[in-house]
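# Understanding the architecture of this molecule
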Amino acid sequence: MTRRQRRQQSDKKILFVCVAIVMICSLIFWSYLEWSEETLAVSNSGHNTFITEKSSLLPKWRDILFSGVPGLASTAEAQPMVKVKPEITLQNILHGAVLFFTDIDIRDWRTILKAEMPIMAVIKTSPPSVSAISLPNFPKFDPQNILPKGKPIVGVYHTHTAESFIPSSGVAHKPGGQIGEIVNVGGALVKKLETLGIPSVQNKTIHDYPSFMKAYGASELTVQKMLAENPSLQIVLDIHRDADKRENSTAIVNGVPAAKITIVVATGQQDLPQPHWQQNHAFAKLIDAKLNQYYPGLSKGILLVEWRYNQHLHPRALLIEVGCQENSREEAERSIEFLGDVIAQIIAESN
């Protein structure tokens, strides 16, 4: 092959590469325009604008629903569509080219980290941990009473001591002033806290016999006595069970059924002042957040009630409902142990 022939062949290769580069850039350019195209639905009022997906030839669920319920069609008419294309700039073209070749979005630093550290792609971001510091009105623990070992920090009692669980006891309430299974649930909480290094005390005084209606008056005296005998108490819990259906009060936690937990906060009334309700509420929100973080589905949330439920006696006094009469004692004790884990963590974070 002569020198002239080799030069001609080299020129052809250069021309081929140039043509290929032009074609690739064109492809990236038009692909970027197609990817970036968005469809906006503009409301008739002109006040609300929102992004929707591109239209499809298949019928949408809205169309099927409206065909079955004609009255709905008049309340949700289709909105006019407006095509919006991105501005053609060198910056946008470079952004599309980098995204096309490297799968890195230079406008999102997380894609760069995942490209440099592949393990980042498989690590799931956990929700931020909630602490007492992040909650307003949270009543700070007394360090002088938390630090000494042996003194009870958590107090447990039961206004309705006869409450039980039908699947395990056969009745919803033990008759004639007998102690019900709810007291066993409270005992399980105390035992769990003790194993976690949290000294606790349980009062098993019967309050709902002979008068169920006067139970809270009787339990108020018990709480006053507990606080007087144990000034180190930082948390006071009245353990109950709810009156509901099993399907509304059961969650699957770690693969096993558990009784859902409701936290009741008393806000007081005009003739029944509750000066601590905001502090009690902040404490309840912290417990609820921790339950949702570590045992999703276990908490039924916080219930605010215009009463006192003895919560005016302490800034961290709460009423805890564990399951309902259709749950078993085993399910309730399982849930109360999860609650014990959360309470121990809160105390540890505050220590």
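A few points on the structure. (Residues numbered from 1 in each chain as written. Predicted model: local features only at pLDDT ≥ 70, side-chain atom pairs only at ≥ 80, totals over all residues. Heavy atoms only, no water.)

## Brief notes about the packing of helix H8 (residues 181-195) against helix H11 (residues 329-350)
For any two helices packed against each other, the geometry is given by the interaxial angle and the distance between the axes. Running from amino to carboxyl end, H8 crosses H11 at an angle of 35°, the nearest separation of the two axes being 8 Å. With respect to the hand of their crossing, H8 and H11 are arranged in right-handed fashion. Between H8, through Glu181, Asn184, Val185, Ala188, Leu189, Lys192 and Leu193, and H11, the contact on the second element is made entirely by Arg329, Ala332, Glu333, Ile336, Glu337, Gly340, Asp341, Ile343 and Ala344. (Axes fitted to C-alpha atoms, helices over the stretch in contact; angles between N-to-C directions. Helix = DSSP H or I, 4+ residues; strand = E, 2+ residues; numbered from the N terminus. Left-handed = near helix turned anticlockwise from the far one by under 90°. Contact = heavy atoms within 4.5 Å.)

## Some remarks on the sheet that holds strand E11 (residues 317-324)
As summarised here, the arrangement of the six strands in space is E5-E4-E6-E11-E9-E10, forming an open sheet in which the pairing is mixed. A strand with exactly one partner marks an edge of an open sheet, and here the two such strands are strand E5 (200-202) and strand E10 (299-305). On average, adjacent strands in this sheet sit at an angle of 25° to one another, irrespective of strand direction. Of the pairings in the sheet, the one linking strand E4 (residues 154-157) to E5 comprises three bridges and is parallel in character. (Pairing = 2+ DSSP bridges.)

## Quick look at the packing of helix H10 (residues 277-294) against H11
At a minimum axis distance of 10 Å, the contact between H10 and H11 shows a crossing angle of 120°. As the angle between them shows, H10 and H11 are arranged oblique. When you trace H10 past H11, the crossing you get is right-handed. Contacts between H10 and H11 involve Phe283, Leu286, Ile287, Lys290, Leu291 and Tyr294 on the former and, on the latter, Leu339, Val342, Gln345, Ile346 and Glu349. Among the residues forming the contact of H10 with H11, the class breakdown is eight nonpolar, one polar and two charged. (Parallel < 35°, antiparallel > 145°, perpendicular 65-115°, else oblique. Nonpolar A, V, L, I, M, F, W, Y, C, P; charged D, E, K, R; others polar.)

## Points about H8
Relative to the 21 Å expected for 15 residues at 1.5 Å per residue, H8 spans 21 Å between its end C-alpha atoms, a close match to the ideal helical length. The complete set of buried residues in H8 reads Glu181, Ile182, Val183, Val185, Gly186, Ala188, Leu189, Val190 and Leu193. Residues of H8 that are buried make contact with E4, helix H7 (166-169), E5, strand E6 (235-242) and H11. (Expected span 1.5 Å × (residues − 1). Buried < 20%, exposed > 50% of the residue type's maximum accessible area, 1.4 Å probe, protein only.)

## Notes on the pairing of E10
Here six bridges tie strand E9 (residues 261-266) to E10, and the two strands are oriented parallel to one another. Bridging from a neighbouring strand, valine 265 pairs with leucine 304 of E10. Following the chain from E9 across H10 to the adjacent parallel E10, one finds a crossover that is right-handed. (Right-handed = clockwise from strand over helix to strand, strands pointing away.)

## Points about unusual backbone geometry
For the bond running from tyrosine 209 to proline 210, omega is 10°, close enough to zero to count as cis. Located in the positive-phi region is tyrosine 309, a residue other than glycine, with phi close to 50°. Looking at the element boundaries, tyrosine 309 is found in the loop between E10 and E11. Positive phi, close to 65°, is recorded for asparagine 310, a residue that is not glycine. As for its position among the elements, asparagine 310 is in the loop between E10 and E11. Look at asparagine 310 and you get buried, because its relative accessible area is 4%.

## Observations concerning the side chain of serine 299
Tracing the chain through its elements places serine 299 in strand E10. A polar contact is formed between the side chain of serine 299 and the side chain of aspartate 288, at a distance of 2.5 Å. Within the structure, serine 299 has its side chain in polar contact with the backbone nitrogen of glycine 301 (distance 3.0 Å). Once residues within four sequence positions are removed from consideration, serine 299 is found in contact with Ile261, Asp288, Leu291 and Asn292. (Polar contact = N/O pair within 3.5 Å; in protein donor to acceptor, adjacent residues only side chain to side chain.)

## Regarding the pattern of salt bridges
Applying the stated criterion across every chain yields a total of eight salt bridges. Across the pair lysine 290 and glutamate 349 runs a salt bridge whose closest N-O atoms are separated by 2.8 Å. Placement of the pair is lysine 290 in helix H10 and glutamate 349 in helix H11, with a sequence separation of 59 residues. Owing to a relative accessible area of 0%, lysine 290 belongs among the buried residues under this scheme. For glutamate 349, a relative accessible area of 41% gives the class partly exposed. Between glutamate 330 and arginine 334 there is a salt bridge, with its nearest N and O atoms 3.2 Å apart. Here glutamate 330 pairs with arginine 334, and both are found in helix H11, just four residues apart, close to one helical turn. Salt bridges sharing partners connect three or more residues here, namely Asp242, Asp244 and Lys300. (Salt bridge = Lys/Arg side-chain N within 4 Å of Asp/Glu carboxyl O.)

## Quick look at the packing of aromatic side chains
A complete count under the given rule lists two aromatic pairs for this structure. Ring centres of tyrosine 216 and tyrosine 309 lie 5.0 Å apart, and the angle between their planes is 45°; this geometry places the pair in the tilted category. Of the two residues, tyrosine 216 is situated in helix H9 (residues 215-229) and tyrosine 309 in the loop between E10 and E11; the sequence distance between them amounts to 93 residues. Note on tyrosine 309: relative accessible area 19%, which makes it buried. (Phe/Tyr/Trp six-rings, centres within 6.5 Å; stacked < 30°, edge-to-face > 60°.)

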